Amino acid sequence: MTRRPGGGNVSGVSRTRDTHPEDLSAGAFGAWLEQMRAALRHEADADVPCGDCSACCSTSHFVHVGPDDRDALAHIPRALLFPAPGMPAGHFVLGYDDRGRCPLLDGAGRCEIYAHRPRTCRTYDCRVFAAAGIGADRDEIALRARRWRFDDLAPRDRDERAAVRAAARFVRDNAAAFPGAAVPDDPAQLAVLAVKVASVFLPGGLAHRGADAATIAAAVVLVSRDGAGEAEGDGSPGT
Ligand code: SF4
């Protein structure tokens, strides 16, 4: 049986012990950030050294498939796609089975349509949780994410990593400063937003110049709309 949106236990998490506590190299932070932003701009796929991990494919996630994701739509059996709740016609989600696994995951933990997988899967990178200092909302993914270690010895890498974390903290702690208090409550969305808007929190950026929360929030909104937020400026209007 495949879980449909609204009928599944989205937060249903199978509890597992961390049987692989050793660190994993996440690479240099700056290089990762550049690649993550390229993936968010749909210019590249996330290049995650997953090894034998398939946690993100087996933890009760609905996978969004947009109408422009034609290659994925052409390779996913129609019976596995359901209209995406709250989205226009043509947007679908892939459900998951009773064990929380994507129906396209084979018995060996491999994606049956890997070369044609949805953009949602192509841009997913659990290192974003480690980058933003945020815990994932699925135990298996949280365990994996906690093992990533960035090589952030270069000063620029340290600044960028601190900026991503500061961005995540600011958005989480200052929801009231945003229009309608509309900030992501999903950890993955919050972490991705932090990656996009980190320039606001770099040294010399608006957040370091004594701006109030509302002004910083306005800059965050502006930069987030700018795509993957690689602007070198602070994102404030006029920069
Ligand atoms: S489509 Fe493939 S990559 Fe995406 S969740 Fe399913 S098994 Fe994983």
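Higher on the page you've got the structure.
Attention here is on the structure that accompanies the text. Computed from a predicted structure; not experimentally measured.

### Concerning the overall build of the chain
From N to C terminus, the chain includes eight helices and seven strands. Burial status across the chain gives 37% buried among its 239 residues. The contacts of the chain with a sequence gap of at least 6 include a subset with a gap of at least 24, amounting to 72%.

### Remarks on the packing of helix α1 (residues 29-40) against helix α7 (residues 187-197)
Where α1 contacts α7, the two axes come as close as 10 Å, and the packing angle between them is 110 degrees. Judged on the interaxial angle alone, α7 and α1 are roughly perpendicular. Of α7, the residues touching α1 (which contributes L33, M36, R37 and L40) are V192, V195 and K196. When grouped by side-chain class, the residues that make up the contact of α1 with α7 number five nonpolar, no polar and two charged.

### Here's the deal with the site of the ligand
Looking at the ligand, the residues that line it are C57, V63, C102, L104, L105, C111, I113, R117, P118 and C121. Partitioning the shell around the ligand into residue classes produces nine nonpolar, no polar and one charged.

### Quick word on helix α6 (residues 155-173)
An α-helix turns once per 3.6 residues; consequently, residues spaced three or four apart project the same way. Over its 19 residues, α6 extends 27 Å from the first C-alpha to the last, a length consistent with the 27 Å expected when each residue adds 1.5 Å. Buried within α6 we find E160, R161, A163, V164, A166, A167, A168, F170 and V171. Where α6 is buried, its residues contact α1, α4 (127-132), β7 (148-151), α7 and α8 (213-225).

### Overview of the sheet that holds strand β5 (residues 92-94)
Spatially, β3-β5-β4 is the arrangement adopted by the three strands of the open sheet, whose pairing is antiparallel. Whereas interior strands pair on both sides, the edge strands pair on one side only; in this sheet they are β3 (63-65) and β4 (81-83). Strand-to-strand twist of the sheet, defined as the mean angle between neighbouring strand axes without regard to direction, takes the value 40 degrees. Relative to β5, β3 runs antiparallel, the two being bridged by three bridges. Of the residues in β5, the one forming a bridge with V65 is F92.

### With respect to the pairing of β7
A one-sided burial pattern is seen for β7, the buried positions being W148 and F150 and the unburied ones R149 and D151. Here strand β2 (residues 24-28) pairs with β7 via four bridges, running parallel. Counted as the bridge partner of A28 is D151 from β7.

### A word on α7
The buried fraction of α7 amounts to nine of the 11 residues, a majority that puts the element mostly inside the structure. Among the residues of α7, those classed as buried are P187, A188, A191, V192, L193, A194, V195, K196 and V197. Where the residues of α7 are buried, they touch α1, α4, α6 and α8.

### Remarks on the packing of α6 against α7
The geometry of α6 relative to α7 is characterised by a closest axis approach of 8 Å and an angle of 125 degrees between their N-to-C directions. For the element pair α6 / α7, the angle class is oblique. Crossing of α6 against α7: the hand is right-handed. Here V164, A167, A168, V171 and R172 of α6 come into contact with α7, specifically with L190, A191, L193, A194, V195 and V197. Per-class residue counts for the contact of α6 with α7 are 10 nonpolar, no polar and one charged.

Criteria and thresholds
Residues numbered from 1 in each chain as written. Predicted model: local features only at pLDDT ≥ 70, side-chain atom pairs only at ≥ 80, totals over all residues. Helix = DSSP H or I, 4+ residues; strand = E, 2+ residues; numbered from the N terminus. Buried ≥ 20, exposed ≤ 12 C-beta atoms within 10 Å, placed from the backbone. Contact = placed C-beta atoms within 7 Å. Axes fitted to C-alpha atoms, helices over the stretch in contact; angles between N-to-C directions. Parallel < 35°, antiparallel > 145°, perpendicular 65-115°, else oblique. Nonpolar A, V, L, I, M, F, W, Y, C, P; charged D, E, K, R; others polar. Near = placed C-beta within 6 Å. Expected span 1.5 Å × (residues − 1). Pairing = 2+ DSSP bridges. Left-handed = near helix turned anticlockwise from the far one by under 90°.

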